[in-house]
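Coordinate analysis (summary)
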Amino acid sequence: MKIYFLTSIVVLAISMNLFCQDILFEKNITLKPGVPDILSYTDKRESLPIVNTEKEEIMLFLLDNREIKCLRFNLNYELTYDFAVSKSKSEYKDLLGYSIDASEYQLFFSNKKNDEFYSKTIDVYNKKESERQIPIELKGEKFLESISYNNKFYILTVKKNSSILKIYVFENTSIPKIKEIDFSSYKFSNTQFTRLSDVLNELHYPVSKIDNSNPNPLDLTTTGNKIYYYDDKMYLSINNERNNTKLITIDLNDFTSKVKFYSQVKIECGNNAISVKSNSYLFLDNLYQIKACIDELGLQIINLKDNSIIKEFHVKNDEEIVFRNSALIQEGGYFSKDTERELDKTK
């Protein structure tokens, strides 16, 4: 099996302002299939690329059901060392992220319910490995997401029936520091379900993790709630209502926070108001908001530094979309959900 895993590393290494990829390394890799998960019918094989700027190296971890292959590259993408360690702990199959301490890479895993965690520490220079159960239990909490940022690993949860966020911070250890942030003074909905735990309900309002250094698939970017992380901050955007976007900003250095509600772009829907849908996307300190119904589509861009509206666009259902900068693709149709075609006209 020929695998171009280094392509994904290149994306991370140069931050990829342009989404193009070049093959810089090629190697035959054999991953053991193991025993597929009977319940989910999946055979867990995945890759985790990590750029370590302090050591000036790139690590690539290839995981199957039984072991972890470790490949170390210099910044010229030359393979300098490779070895393998056992994966173990078969009940913890979901790879969440990592932290780095000198030559030690700590990989974090969870069970299917995301309420129990364990870590695998790999010392790539001394060829040592260790593992341990992480001593946290999410009793009365709901797992939201996890991120790896600046060599640290974070687990974000919300206390049930509350507006309290908890952040578990792992740095050089499997024992986390715990931060709690209380947002009880805010109402996150115009309904009776105003708490943060209500609007972050996994069934109706799932949370997606967005890494803006890489292209993100549509199934992540189209969810209503998203977590972003860059410039030493974590952002949680909430789009549970049609008329606004709620943005929670958390400083990852001192864990100060702020909440801002941004009104959605105004559109005219007449008798079709029930069909209104809206969403948002955060990129480079700009909040992109979109709102649409059968009669009209509106788009606005807000600069988060001064909260000013940079641009605003509107198009009626009988008008061409003149502000597009690429082709518009329609996925699915009356007879098949798998069809795809480019639209010649956008009326």
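See the structure shown above.
Definitions and limits used
- Residues numbered from 1 in each chain as written.
- Predicted model: local features only at pLDDT ≥ 70, side-chain atom pairs only at ≥ 80, totals over all residues.
- Heavy atoms only, no water.
- Pairing = 2+ DSSP bridges.
- Helix = DSSP H or I, 4+ residues; strand = E, 2+ residues; numbered from the N terminus.
- Axes fitted to C-alpha atoms, helices over the stretch in contact; angles between N-to-C directions.
- Disulfide = S-S within 2.5 Å.
- Buried < 20%, exposed > 50% of the residue type's maximum accessible area, 1.4 Å probe, protein only.

Reading across the sheet, the four strands line up as E20-E21-E22-E23 and stay open at both edges, with antiparallel pairing between neighbours. Strands at the two margins of the open sheet, each flanked by one partner only, are strand E20 (277-283) and strand E23 (308-316). Neighbouring strand axes in the sheet, compared pairwise and without regard to direction, differ in orientation by 15° on average. Where strand E21 (residues 286-292) and strand E22 (residues 296-303) come together, seven bridges link them in antiparallel fashion. In the sheet register, Tyr288 faces E22, and the bridge partner there is Ile301.

In this section: the state of the cysteines. Taken as a whole and judged by the stated rule, the model has one disulfide. Each sulfur in the disulfide pair Cys269 and Cys293 lies 2.2 Å from the other. For the disulfide bridge between Cys269 and Cys293, the dihedral angle about the S-S bond is near -105°, and by the sign convention the bridge is left-handed. Within this pair, whereas Cys269 is found in the loop between strand E19 (257-263) and E20, its partner Cys293 is found in the loop between E21 and E22, the two being separated by 24 residues in sequence.

What follows covers the pairing of strand E12 (residues 152-159). Most of E12 sits inside the fold, with six of its eight residues counted as buried. Alignment of strand E11 (residues 141-149) against E12, held across eight bridges, turns out to be antiparallel. If you follow Ile147 over to E12, its bridge partner there is Tyr154. From the end of E11 to the start of E12, which pair antiparallel, there are two residues, and Asn150 there has a positive phi angle of about 50°. Bridge count for E12 against strand E13 (residues 164-170) is six bridges, and the pairing is antiparallel. Paired with Val158 across the two strands is Leu165, which belongs to E13. Between the end of E12 and the start of E13, which pair antiparallel, lie four residues, with Asn161 showing a positive phi angle near 55°.

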